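# Descriptive analysis of the structure
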Amino acid sequence: MLFNPYFADLSNVYLFAEAENRLRAFLARTKPNNVIKMGIGDVTQPLCAAAVEAGKTAVEEMGKAESFRGYGPYRGYPFLIKSIAAYYKSRGISLDEDEIFISDGSKSDVAGFTDLFAKDNTVLLQDPVYPVYADANILHGRKIVYASATMENGFLPLPDERVKADIIYLCSPNNPTGAVYSAADLEQWVAYAKSMGAVILFDAAYEAFVTEDKKVRSIYEVRGADEVAVEFCSFSKTAGFTGVRCGYTVVPKKLANLNALWFRRQSAKSNGVSYVTQRMAEAALTNEGQKQTAAAREVYRKNAQVILQALRKTGVFHTGGVNAPYIWFKCGGSSWDFFDRLLNEVQVVGTPGVGFGRNGEGFFRLTAFNTYKNTVEAMRRIQSVLRA
Ligand code: PLP
């Protein structure tokens, strides 16, 4: 038996696992009872009532012989696919139902999609960005090049014709910087992908957080994007499904034969998502469900305002938090040192920017996914550190 040699190329620990290790060691050492977690991007608001009711009904159905269901369709149930198509339609985007694939979340899909491509492709990633894209491609042994996201370009790098790429991941709204591309920016990426014969893998996991009209929620708002782009979405952050698990991927049929390949790959490696989960996701997309999930996101939006106001008072550079649940600020020096300092001095956990890429060094990410009360208290403590 030989191991996959590319494991050696991964960094030793996953960012959030390392943060968790440090927190555990700190807790064992000092046993404080006042730690506030502003680190991992997990939601805190409960599931919306519409999803809860739909889940109960679906479980009841599964408990009766006449309505029991076993394995579902590989693409997902048509009722959920239709709801997703209608959700896009309400934003002016027409999709065929067989362009939509349901999954257990977009982490599986952004990573699993790499199965479709040969090893000899160059992958272009924003730096900093969600670490899963790099890890998944490193495990296939692919070459990765980076587009630097910096203060100078507003953390929104644009294509550079001199850089050759075959597979381009774009994350917008961005994790960790909270930056969001405009249609004009994405037009440039679509044109670049066309000129390279490349595919864009567009991660829109946070699309529902976009509040400004001029920012894009789907890459398909850009003309011609359906010839070059796949889009990944999730119910995790938009509807509080991080513990339920449901997402979806749009693979346009105009895009080479990726739609057929993804269907083949999913039928080879997955038996889909539970009926109960898909009924819950369908409920989250009803008018009532959307109103309820918007109310939960409003809690996070207010928390983000608290964070931004507090950072404004300290004078440190900060961004994000308007169209995204993440706030990105300049901590200076080593971002892991700042992580340790916040934890040890004021018992607040955040995420070191360098964990998202080399350009994240000297930066720090806070999430708006906490209670209002905890957010206010965490910012009081963080301000005291930043002013010291
Ligand atoms: N994409 C981005 C940019 C994320 O930040 C996350 C989760 O944090 C995911 C995808 C994964 O979401 P899911 O829970 O749907 O797997």
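Now for a description of the structure that goes with this document.

Now for the overall build of the chain. Helices and strands together make up the secondary structure of the chain, namely 12 helices and 13 strands. Relative to the compact-globule value of 21 Å for 388 residues, the chain shows a C-alpha radius of gyration of 21 Å, a close match. When the backbone C-alpha atoms are referred to their principal axes, the chain occupies close to 60 × 55 × 55 Å. For the chain, the residues scored as buried account for 54% of the 388 residues in total. Across the chain, every contact between residues at least 6 apart in sequence was considered, and the portion connecting residues at least 24 apart equals 74%.

With that settled, consider the pattern of salt bridges. This structure, assessed with the given rule, holds 20 salt bridges. Here Glu97 ties to Lys82 by a salt bridge, and the two come within 3.3 Å at their closest N and O atoms. Of this pair, Glu97 sits in the loop between helix H3 (78–89) and strand S2 (100–103) while Lys82 is found in helix H3, placing the two residues 15 residues apart along the sequence. Taking relative accessible area as the criterion, Glu97 reaches 37% and is therefore assigned partly exposed.

Here we take up the nonpolar core. Counting residues in hydrophobic clusters, the biggest one holds 103 residues, and the most contacted among them are Ile168, Ile200 and Phe235. If we skip the residues at most four places from it in the chain, Ile168 touches Leu124, Trp189, Tyr192, Ala193, Ala198, Val199, Ile200 and Leu201. Listed in part, the 26 residues of the second largest apolar core include Phe101, Ile138, Ile144 and Val251.

For the rest of this paragraph, the subject is the sheet that holds strand S8 (residues 247–250). Strand order in the open sheet formed by 7 strands is S2-S8-S7-S6-S5-S3-S4, with mixed pairing between adjacent strands. Only two strands of the sheet have a single partner each, and these edge strands are S2 and strand S4 (143–148). Going from strand to strand, the sheet's axes swing by 20 degrees on average, the running direction of each strand aside. One ladder, built from 6 bridges, connects strand S3 (residues 122–127) with S4; its direction is parallel. Bridging across to S4, Leu124 finds its partner in Val145. The sheet contacts of H3 involve S2, strand S7 (229–234) and S8, and relative to S2 the element is tilted by about 120 degrees. Along the sheet, helix H6 (residues 183–196) contacts S3, strand S5 (167–171) and strand S6 (199–203); its crossing angle with S5, the most-contacted strand, is approximately 170 degrees.

Quick look at the site of the ligand now. Residues in close proximity to the ligand total 14 residues, the closest being Asp203, Tyr206, Ser234, Ser236 and Lys237. Between an oxygen atom of the ligand and a main-chain N or O atom of Lys107, the distance comes to 2.9 Å. Within the contact set of the ligand, an oxygen atom lies 2.6 Å away from a side-chain nitrogen or oxygen of Ser234. Coverage of the ligand by the protein chains reaches 91% of its 390 Å² of free accessible surface. For the shell around the ligand, the secondary-structure elements that each account for two or more residues are helix H4 (106–112) and helix H7 (236–239). Looking at side-chain class alone, the shell around the ligand contains 5 nonpolar, 5 polar and 4 charged residues.

To continue, consider helix H11 (residues 335–346). Over its 12 residues, H11 runs 16 Å from end to end, which matches the ideal 16 Å to within 8%, given 1.5 Å per residue. Taken together, the buried positions of H11 are Ser335, Trp336, Phe338, Phe339, Leu342, Leu343 and Val346. Projection of H11 onto a plane perpendicular to its axis shows the buried side chains occupying an angular sector of 160 degrees, all on one side. Looking at the buried residues of H11, the elements they touch are helix H1 (15–30), strand S10 (326–330), strand S11 (348–349), strand S12 (351–352), strand S13 (363–367) and helix H12 (372–387). Regarding H11, its N-cap is Ser334, as a side-chain oxygen of that residue lies 3.3 Å from the backbone nitrogen of Trp336 further along. Looking one or two residues beyond H11, the residue adopting positive phi is Gln347, at roughly 60 degrees.

This next bit is on the packing of aromatic side chains. A complete count under the given rule lists 30 aromatic pairs for this structure. Centre to centre, the rings of Phe113 and Phe232 are 5.7 Å apart; their planes meet at 85 degrees, and the pair counts as edge-to-face. Highlighted residues: Phe113 in the loop between H4 and S3 and Phe232 in strand S7, separated in sequence by 119 residues. The buried category is assigned to Phe232, whose relative accessible area is 0%. Ring pairing ties together the aromatic residues Phe16, Phe155, Phe317, Trp328, Phe356 and Phe363, which thus form one cluster. For Arg91, the ring lying beneath its charged end belongs to Tyr87, and the centroid distance is 4.3 Å. Positioned above the aromatic ring of Phe79 is the side chain of Arg279, whose terminal nitrogen or guanidinium carbon lies 3.6 Å from the ring centre.

Rules of the game
Residue positions within a chain follow its written sequence, with the count starting from 1. Reporting in this predicted model follows two pLDDT cut-offs: at least 70 for local features of residues, and 80 or more for side-chain atom pairs to be given and counted; totals over whole chains, interfaces and linings ignore these cut-offs and use all residues. Side-chain numbers come from the whole structure's heavy atoms, not from hydrogens or water. The secondary structure listing takes helices from DSSP runs of H or I that are at least 4 residues long and strands from runs of E that are at least 2 residues long, numbered from the N terminus. The size measure is the radius of gyration over C-alpha atoms, and the globule rule it meets is 2.2 Å times the number of residues to the 0.38 power. Only protein chains enter the calculation, and the probe is 1.4 Å; a residue is then buried if its accessible area is under 20% of its type maximum, exposed if over 50%, and partly exposed in between. Any two residues having at least one pair of non-hydrogen atoms within 4.5 Å are treated as being in contact. Salt bridges are defined as contacts in which a side-chain nitrogen from Lys or Arg sits within 4 Å of a carboxyl oxygen from Asp or Glu. Remark: nonpolar core denotes a set of buried residues (Ala, Val, Leu, Ile, Met, Phe, Trp, Tyr, Cys) joined through side-chain atoms within 4.5 Å. A pair of strands counts as paired when DSSP detects no fewer than two bridges linking them. Axis definition: a line fit to C-alpha positions, over the contact stretch in the case of helices; interaxial angles, taken between N-to-C directions, run 0 to 180 degrees. What makes a residue near a molecule or strand is one non-hydrogen atom of that residue sitting within 4 Å of it. Any pair of nitrogen or oxygen atoms within 3.5 Å is treated as a polar contact; in protein, a donor-acceptor pairing is required on top of that, and neighbouring residues in sequence qualify only through side-chain atoms on both sides. The Shrake-Rupley method, run with a 1.4 Å probe, gives the accessible areas here. Residue values count only the displayed protein chains as cover. Asp, Glu, Lys and Arg are counted as charged, while Ala, Val, Leu, Ile, Met, Phe, Trp, Tyr, Cys and Pro are counted as nonpolar; the rest, among them Gly, fall into the polar class. By definition here, a helix of n residues has an expected span of 1.5 Å times n minus one. The directions considered for the arc run from the helix axis to the C-beta atoms. Any pair of Phe, Tyr and Trp rings, taking the six-membered ring for Trp, is counted once the centres come within 6.5 Å. Such a pair is stacked with planes under 30 degrees apart, edge-to-face with planes over 60 apart, and tilted for the rest. Cation placement over rings: the criterion is NZ of Lys or CZ of Arg within 6 Å of the ring centroid and within 35° of the ring normal.

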